[in-house]
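# Observations on the model geometry
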Amino acid sequence: MAKIRIPTPLRAYTDGASDIDVSGNTVGEALGNLVDQHPDLRLHLFQDDELRSFVNIFIGDEDIRFMQGLDTEIEAGDSLRIIPSIAGGSACN
Amino acid sequence: MTSLHQRFADLTNDEVKRYSRHVIMPEVGMEGQRRLKASSVLLIGTGGLGSPLALYLAAAGIGRIGLVDYDVVDFTNLQRQVIHGVSTVGVSKLESAEARMLDLNPDIEVVKYNEPLTSENALRVFGEDWDIVIDGTDNFPTRYLVNDACVKLGIPNVYGSIFRFEGQLSVFYADEGPCYRCMFPEPPPPGLVPSCAEGGVLGILPGTIGTMQATEAIKLLLGIGAPMIGRMMLYDALEMSFQTIKVRKNPKCPVCGIAAGDIQLIDYEQFCGMPAHDHSEFSSVDETEAIDIKTVTVHDVKAALENGDDVVVIDVRDPHEWDISVINGTLKIPKPDIQLAKNGIQGGRRLWEETILKDIPKDKTLYLHCRSGVRSADSIAFLSEVGYDLGRMYNVEGGILAWADEIDPEMPKY
């Protein structure tokens, strides 16, 4: 069981949860389990079955792009993190 | 890392006294303070992040500080933009900030660029001898523009970004490490950028991140410590947690992976699918398809509601805005919900009757309003994409702000 840290912008789709326990042996399986638990997240993380290009997934302090991507193996107790693309400000039109 | 430059300016006796708490530290010393006086830093934005940046960098004795902003101080800015004040509401942010900076430290020079940063002017502005550019903007198009122009000109970009209770800090300096695009190759599509309801920011947060950006700038100028090159700090104010992650240089980066001379500044509003600033003429509606959206006035809305016309008035603002003000008798469906439903229908994942759109009749005239009229126009475009008749949808000009101005002066504006 690994844990995924959900950034603020995506907590609207996890009923406000910030840390979610997920099952799976790889990053891809863990994210699959995450979107099974919270289906509204799927649109934000995946385009078809590919991770969206602006979604950054880290294990600890490492970017999975520089590991084996979605195939990167994870162990129980690993901390995954979705790093949001944020621009700042609070403009409402 | 060594200092960015080897220029030194003489200090007057008054300046030695002013900066004595710096000068007595060996990491700064007379030499470092003389170096700071000979330094130049350009701040993009004089808002939430720009306020602490401008104040602390002025106080620290950076000899030349540039400010880029086109806006005027608004009352709602004062929750976080602490360089401004009630006395400068309605005044140019540049004038307001300059006055405060020179009051704090008259020995510095403030250079003002009273214009939105664009692909047309960025190289001219950035090219006027700046050692460092600090990104304190509030939108994706300008962030990509700042990055690309900095990479092209070889200027370090001290990056800070904020959202609600979270902040990010890094130094993107392509000569020494990765750039913003190595980490964020593409912006999120407009539909996935957090909406107003999910937006907002703790007023103190830009203070926290902005002062950290100022710290990184000073470190780079003095050549001391370990700069945030190749690292990003993630700050969560609610948990008071700081975590540092690695940012690696992407050898295939479309910007810092090519020769500087080949880097072209592009149309960043189109790249991001969103306007870069309030005065932008960019419209996502115009971009997707040049559709002609009809409008009505708030007086038409009032008449329709009073006469019980066969009109449905839809408020597409976000739920927290309904607590501030509301026009009675409206159907309330936030724009992101309409967009989500539209995307679901277009993607074949949902039927119309399975979405919230089932509450919006297809056989009636629809008046859509938001705060000022932008989100309601987008919503009309979305609805037209999933079978609603453009001929029977009307955008309420000026939104609920116009209602407050023209119909109900008691209504609070925000």
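Residues numbered from 1 in each chain as written. Chains lettered and ligands numbered in written order. Predicted model: local features only at pLDDT ≥ 70, side-chain atom pairs only at ≥ 80, totals over all residues.

When you go through chain A residue by residue, the secondary structure sums to two helices and seven strands. Helices and strands appear in chain A in the N-to-C order β-β-α-α-β-β-β-β-β. Its C-alpha atoms give chain A a radius of gyration of 13 Å, near enough to 12 Å, the size a compact globule of 93 residues would have. Seen along its three principal axes, the alpha-carbon backbone of chain A occupies a region of about 45 × 25 × 25 Å. Across the 93 residues that make up chain A, the buried fraction comes to 32%. Here the contacts in chain A between residues at least 6 apart in sequence split such that 54% fall between residues at least 24 apart. (Helix = DSSP H or I, 4+ residues; strand = E, 2+ residues; numbered from the N terminus. Rg over C-alpha atoms; globule rule 2.2 N^0.38 Å. Buried ≥ 20, exposed ≤ 12 C-beta atoms within 10 Å, placed from the backbone. Contact = placed C-beta atoms within 7 Å.)

Another point: the overall build of chain B. Of regular secondary structure, chain B possesses 16 helices and 13 strands. Taken against the 2.2 N^0.38 rule, which gives 22 Å for 414 residues, the C-alpha radius of gyration of chain B at 24 Å falls within 12% of a compact globule. Taking the principal axes of its C-alpha atoms as reference, chain B extends roughly 75 × 50 × 40 Å. Burial status across chain B gives 43% buried among its 414 residues. Put simply, 69% of the contacts in chain B that link residues at least 6 apart link residues at least 24 apart.

Structurally, Trp 322 of chain B is set in helix α13 (residues 319–322). Once residues lying within four places of it in the same chain are set aside, the contact partners of Trp 322 of chain B are Arg 317 and Lys 332 of chain B.

Take the sheet that holds strand β1 (residues 40–44) of chain B next. All names here are of chain B. In spatial order, the strands read β3-β2-β1-β4-β5-β6-β7-β8; together these eight strands make up an open sheet with mixed pairing. Taken across any chain shown, the strands that pair with only one partner, and hence form the sheet edges, are β3 (109–113) and β8 (241–246). Direction aside, the axes of adjacent strands within the sheet are offset by 15° on average. Sitting on the sheet, helix α5 (residues 93–104) is in contact with β2 (64–68) and β3, with an inclination near 175° to β3. (Pairing = 2+ DSSP bridges. Axes fitted to C-alpha atoms, helices over the stretch in contact; angles between N-to-C directions.)

The subject of this paragraph is the pairing of strand β7 (residues 79–83) of chain A. All names here are of chain A. Taken together, the three bridges between strand β1 (residues 2–5) and β7 define a ladder with parallel strand orientation. Residue pairing for β7: Arg 5 is matched across the bridge by Arg 81. Taken together, the four bridges between strand β5 (residues 56–59) and β7 define a ladder with antiparallel strand orientation. The partner of Ile 57 across the bridge, within β7, is Ile 82.

Residues and elements named next belong to chain B. Running from N to C, helix α4 (residues 50–60) and helix α9 (residues 205–222) point in directions that differ by 40°, and their axes come no closer than 8 Å. Of the possible angle classes, the one that applies to α4 and α9 is oblique. Considering only the axes of α4 and α9, their crossing is right-handed. On α9, the residues touching Ser 51, Pro 52, Leu 53, Tyr 56, Leu 57 and Ala 60 of α4 are Pro 206, Gly 207, Gly 210, Thr 211, Gln 213, Ala 214, Ala 217 and Ile 218. In the contact of α4 with α9, the residues fall into nine nonpolar, five polar and no charged. (Parallel < 35°, antiparallel > 145°, perpendicular 65-115°, else oblique. Left-handed = near helix turned anticlockwise from the far one by under 90°. Nonpolar A, V, L, I, M, F, W, Y, C, P; charged D, E, K, R; others polar.)

With 24 residues of chain A at the interface, the matching set in chain B holds 35 residues. Among the elements of the structure, α2 (42–45), β5 and β6 (62–63) of chain A are those that each provide at least two residues to the side of chain A that touches chain B. Grouping the amino acids of the side of chain A that touches chain B by side-chain chemistry returns twelve nonpolar, nine polar and three charged.

A separate point is the sheet that holds β7 of chain A. All names here are of chain A. The mixed open sheet is built from five strands, whose spatial order is β2-β1-β7-β5-β6. The two strands at the open ends of the sheet, each matched to only one other strand, are β2 (19–22) and β6. Most of the contacts of helix α1 (residues 27–37) go to β2, to which it runs at about 115°, and overall it touches β1, β2, β5 and β7.

Here chain B averages 92 in pLDDT, while 94% of its residues score no lower than 70. Two summary scores accompany this predicted model of the complex, namely pTM at 0.78 and ipTM at 0.91. (pLDDT = per-residue confidence, 0-100.)

Glancing now at the domain arrangement of chain B. Each assigned domain of chain B is listed with its residue range as follows: domain 1 (13–272) and domain 2 (284–406). With centres defined by C-alpha atoms, the gap from domain 1 of chain B to domain 2 of chain B works out at 38 Å. (Domains from an automatic or database assignment.)

Non-glycine residue Asp 48 of chain A carries a positive phi angle of around 55°. Checked against the element boundaries, Asp 48 of chain A lands in the loop between β3 (46–47) and β4 (50–51).

Right, let's get into the packing of α4 of chain B against α5 of chain B. All names here are of chain B. With their axes 9 Å apart at the nearest point, α4 and α5 run at an angle of 30° to one another. The orientation of α4 with respect to α5, classified from their angle, is roughly parallel. Both α4 and α5 take part in a crossing whose hand is right-handed. Across the interface between the two elements, Ala 54, Leu 55, Ala 58 and Ala 59 from α4 touch Ala 97, Met 101 and Leu 104 from α5. Considered class by class, the residues forming the contact of α4 with α5 number seven nonpolar, no polar and no charged.

Turning to helix α16 (residues 399–406) of chain B, a few remarks are in order. Residues and elements named next belong to chain B. Listing the buried residues of α16 in full gives Gly 399, Ile 400 and Trp 403. Projected down its long axis, α16 shows its buried positions confined to an angular sector of 125°, all on one face. Contacts made by the buried residues of α16 are with α12 (298–307), β12 (365–369), α15 (374–385) and β13 (393–396). (Arc of directions from axis to C-beta.)

Residues and elements named next belong to chain B. In this fold, Ala 260 is placed in the loop between β8 and α10 (268–272). Distance from Ala 260 to Leu 153, taken between C-alpha atoms, is 7.3 Å for residues 107 residues apart in sequence. When residues no more than four places from it in sequence are discounted, the contact partners of Ala 260 are Lys 152 and Gly 154.

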